[in-house]
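Per-entry structural report
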Amino acid sequence: QVQLVESGGGLVQPGGSLRLSCAASGSIFSIYNMGWYRQAPGKQRELVALITSGGATNYADSVKGRFTISRDNAKNTVYLQMNSLKPEDTAVYYCSGKRGLGSPYWGQGTQVTVSS
């Protein structure tokens, strides 16, 4: 069992930056593949970025070069550094953790709004 709690969302102007954090508890964090997803109003939830237990990363084309996912296993935390934010990045951002073929765990989400 894994509990995930996101933080760091908020209102930012276009071109600005935010760093999201996801704190995990309840299991061995280092063996989980972690991801950030987002869901905008009226749209399906979509993958933003993934980081494996070994540190390999993958990004959606829409955020490549602007977002960076990282993890600190000593702190049981995964981060999403978001730079050059655009209005279309506005969404609720969710942290997810998954081990092997098991079902994913989800956090409660944190709102990111990019607006002038």
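Procedures and definitions
- Residues numbered from 1 in each chain as written.
- Predicted model: local features only at pLDDT ≥ 70, side-chain atom pairs only at ≥ 80, totals over all residues.
- Heavy atoms only, no water.
- Disulfide = S-S within 2.5 Å.
- Helix = DSSP H or I, 4+ residues; strand = E, 2+ residues; numbered from the N terminus.
- Buried < 20%, exposed > 50% of the residue type's maximum accessible area, 1.4 Å probe, protein only.
- Phe/Tyr/Trp six-rings, centres within 6.5 Å; stacked < 30°, edge-to-face > 60°.
- Lys NZ or Arg CZ within 6 Å of the ring centre and 35° of its normal.
- Polar contact = N/O pair within 3.5 Å; in protein donor to acceptor, adjacent residues only side chain to side chain.
- Contact = heavy atoms within 4.5 Å.
- Pairing = 2+ DSSP bridges.

**Things to note about the state of the cysteines**
Evaluation of the coordinates by the stated rule reveals one disulfide. Residue Cys22 pairs covalently with Cys95 via a disulfide, S to S 2.1 Å. On the sign convention where negative is left-handed, the bridge of Cys22 and Cys95, at about -80 degrees about the S-S bond, is left-handed. In this pair, Cys22 is assigned in strand S3 (residues 18-25) and Cys95 in strand S9 (residues 91-98), connecting sequence segments 73 residues apart. For the pair formed by Cys22 and Cys95, the shared burial category is buried.

**Some points on the packing of aromatic side chains**
Throughout the structure, instances matching the rule amount to two aromatic pairs. In this arrangement the basic side chain of Arg45 is found over the ring face of Trp106, its NZ or CZ atom lying 4.6 Å from the centre. For Arg71, the ring lying beneath its charged end belongs to Phe29, and the centroid distance is 4.6 Å.

**Focus on the side chain of Ser96**
Tracing the backbone through its elements, the reader meets Ser96 in strand S9. The class of Ser96 is buried, set by a relative accessible area of 5%. In terms of polar contacts, Ser96 uses its side chain to reach the backbone carbonyl oxygen of Tyr105, at 3.2 Å. Discounting residues that sit within four places of it in the chain, Ser96 has contacts with Leu4, Asn33, Met34, Gly35, Tyr37, Pro104, Tyr105 and Trp106.

**Structural notes on the environment of Gly9**
For Gly9, the location among the structural elements is in the loop between strand S1 (3-7) and strand S2 (10-12). Sequence-wise, Gly9 and Gln111 are 102 residues apart; in three dimensions their C-alpha atoms are separated by 5.3 Å. Excluding its chain neighbours within four sequence positions, the residues that come into contact with Gly9 are Leu18, Leu20, Thr110, Gln111 and Val112.

**What about the pairing of strand S4 (residues 33-39)?**
Along a regular strand, successive side chains alternate from one face of the sheet to the other. As defined by bridge partners, S4 adjoins S9 across seven bridges and the pair is classed as antiparallel. Counterpart to Gln39 in the pairing with S9 is Val92. Taken together, the five bridges between S4 and strand S5 (residues 46-51) define a ladder with antiparallel strand orientation. Among the inter-strand pairings, Tyr37 is bridged to a residue of S5, identified as Leu47.

**What about the environment of Leu85?**
Structurally, the position occupied by Leu85 is in the loop between strand S8 (77-82) and S9. Residue class for Leu85 comes out buried when judged on its relative accessible area of 2%. The spacing of Leu85 and Val63 is 22 residues in sequence and 9.2 Å in space, taken between C-alpha atoms.

These figures come from the coordinates and say nothing about function on their own.
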